[in-house]
Every structure is written in structure tokens, then in C-alpha cells.
Amino acid sequence: MTSPIGSNSRSWKLEAGSRNFGVVPTSYILLPTSCRRGLTLIEVLLSTVILAVGAVFVMQALARISYAHLVAEDQRSASLLAMSKMAEIELAVRAGALSEKGEQGHVRIGLQTFTWDATSAALADDPTRALVHLTISWRRGDAGFERRLDTILRLPLEPSASS
């Protein structure tokens, strides 16, 4: 049986079913969730932890994406350098200027330094062709990368001594 006691705005509940008849303020009685206002400290802490964990995963994903972009940019630069060097090597082999000992060098593209090594040798079974090896290497942090190209070039025919 419930009855308001006093003239203040707080309502009181008389518990007739209990052994000791007492007056209990309704603020101590658990109300349904739909009647409560605000969040408890545990709910706020839990939502903050969930938000922080999500932010950490997003930051790690951004770091990985950034690193993958840098590696892809380096590989693109290495491919362009390889095409350029291979064209130079082809001209040097056709002119007979590239020795079998090969050539080496460093090229700086942007912030990255690429090292290249080129060798060529005439094929034993076909002296009109040369096997060319081109290796381009670079480092990104602790990781080392390498791009290798091997090709066979046709050597120019030397004019014969009889003509």
C-alpha cells in the first residue's frame, strides 16, 4: 500500500508485506532502465575503452596503408629505373662498350637511394647474343628489396674482314 508522506516532492513507499513496517524512499528502489536518466560510471568507462581500442586499430591500419604505399612507390621507381638502365645497357652492349665485368652505380630518386648492378656476357653456344643481368636494390627501414632483370640481347654483326 503506497501513500505519500509529507509535503516534499519526494514520494515514499510503505512496505506492508515486510516484517518490519518501514518507510523506504523510492530513490532506493531500482527502477526500470527506461525510467533512469544518464549513464553509470561503468558504462562510461566501457564505452571509452571500446572507443580507444577502435582508435588504436584505425591508427595501425593507417600506418600499414602508409607503409604499403611507400613500398609500392619504391617498386614503381625501381621498375622505371630498370627500364631506363636496360635501354642504356642495350645501347652499350650494341656499341661494345659494356665489359663483362659490368657496371655499378647509385641513383637517388626522391628520398630513396637505389643501387644497380649490370653484367653482360656473350652466350657460349651463340656468340651473336649476350646475356644481360640487371639488379636494382634498395632499403626501406630494416627491410631490403631487390628487383632482378635478365634478358638476352642480339649483338650487332661485325663486318667481315673480306668485305
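Scroll up for the structure.
A count of helices and strands for the protein chain gives 1 helix and 6 strands. Start at the N end of the protein chain and walk to the C end: the helices and strands fall as β-β-α-β-β-β-β. Within the protein chain, the proportion of its 163 residues that are buried is 17%. Entry remark: accessible area of the protein chain is about 12,500 Å², with carbon and sulfur atoms responsible for 61%.

Moving on: the side chain of Gln-112. Relative to the helices and strands, Gln-112 resides in strand β4 (residues 112-122). In terms of polar contacts, Gln-112 uses its side chain to reach the backbone carbonyl oxygen of Arg-139, at 3.2 Å. Apart from residues no more than four positions distant in its own chain, Gln-112 is found in contact with Asp-74, Val-107, Trp-138, Arg-139 and Arg-140.

This paragraph deals with a nonpolar patch on the surface. A cluster of nonpolar residues, Val-58, Met-59, Leu-62 and Ile-65, forms a patch on the protein surface that exposes about 410 Å² of accessible area. Position of Leu-62 relative to the elements: it lies in helix α1 (residues 41-95).

Looking at the secondary structure, you find Lys-85 in helix α1. Each residue touching Lys-85, except ones within four places of it in the same chain, is listed here: Val-107, Trp-116 and Leu-134.

Take the pairing of β4 next. Regular strands have side chains that alternate between both faces of the sheet. Relative to β4, strand β3 (residues 103-109) runs antiparallel, the two being bridged by 7 bridges. By the bridge assignment, Gln-104 is partnered in β4 with Asp-117. The turn joining β3 and β4, which pair antiparallel and follow one another in sequence, is formed by 2 residues; a positive phi near 65° is taken by Gly-110.

Further remarks concern the environment of Lys-101. Within the secondary structure layout, Lys-101 lies in the loop between α1 and β3. When the C-alpha atoms of Lys-101 and Ser-120 are compared, they prove to be 7.7 Å apart, with 19 residues separating the residues in sequence.

Our focus in this paragraph is the nonpolar core. Counting 16 residues, the largest nonpolar core has Ile-89, Val-93, Phe-114, Val-132, Leu-134 and Ile-136 as the members making the most contacts within it. Only α1, β4 and β5 (129-140) provide two or more residues apiece to this core. The greatest single-element share of this core, amounting to 6 residues, is contributed by α1.

Basis of the calculations
- Residues numbered from 1 in each chain as written.
- Predicted model: local features only at pLDDT ≥ 70, side-chain atom pairs only at ≥ 80, totals over all residues.
- Heavy atoms only, no water.
- Helix = DSSP H or I, 4+ residues; strand = E, 2+ residues; numbered from the N terminus.
- Buried < 20%, exposed > 50% of the residue type's maximum accessible area, 1.4 Å probe, protein only.
- Areas by Shrake-Rupley, 256 points an atom, 1.4 Å probe, with all protein chains shown as cover.
- Polar contact = N/O pair within 3.5 Å; in protein donor to acceptor, adjacent residues only side chain to side chain.
- Contact = heavy atoms within 4.5 Å.
- Patch = residues over 30% accessible without salt bridge, like charges linked within 9 Å, V, L, I, M, F, W, Y side chains within 5 Å.
- Salt bridge = Lys/Arg side-chain N within 4 Å of Asp/Glu carboxyl O.
- Pairing = 2+ DSSP bridges.
- Core = buried A, V, L, I, M, F, W, Y, C linked by side-chain atoms within 4.5 Å.

These results come straight from atomic positions and should not be treated as a statement about function.
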